[in-house]
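Summary of structural features
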Amino acid sequence: GKRATWAHQNALEAFPIFAAAALMAYVTNQTSELAGWAAIAWMIARLLFPVFYILNIPILRSMMFAVGSLCSFTLIGLSLISTLK
């Protein structure tokens, strides 16, 4: 039960970053294929994260966290790059 609670708390911490990144991508009209794949990959990584957390598989849990973070930062980076053009 504790691991499920911790996974949920992590989701609550990760979602605001993705939400801000997705809103930035939307506002800056990011329609690139990379932006779309980043959003899809974030969803998949964040769906798998609690599974690996609850099953106590640290390497896969960490990989899903890293993929999710990379996807959020990719959306932010694409948005910032488009504003510099």
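The text that follows walks through the structure, step by step, so that each part is easy to find. (Residues numbered from 1 in each chain as written. Predicted model: local features only at pLDDT ≥ 70, side-chain atom pairs only at ≥ 80, totals over all residues. Heavy atoms only, no water.)

This next bit is on unusual backbone geometry. Located in the positive-phi region is Asn 29, a residue other than glycine, with phi close to 60 degrees. With respect to the helices and strands, Asn 29 occurs in the loop between helix H1 (2-27) and helix H2 (33-54). The exposed category is assigned to Asn 29, whose relative accessible area is 58%. Of note in the backbone geometry, Asn 56 takes a positive phi value of approximately 60 degrees without being a glycine. (Helix = DSSP H or I, 4+ residues; strand = E, 2+ residues; numbered from the N terminus. Buried < 20%, exposed > 50% of the residue type's maximum accessible area, 1.4 Å probe, protein only.)

Along the polypeptide, Ala 35 turns up in helix H2. Distance in space between the C-alpha atoms of Ala 35 and Ala 22 is 9.0 Å, their sequence separation being 13 residues. With sequence-adjacent residues up to four places away left out, Ala 35 is seen in contact with Gln 30, Leu 75 and Leu 78. (Contact = heavy atoms within 4.5 Å.)

The quantities given are spatial measurements derived from coordinates; they are silent on function.
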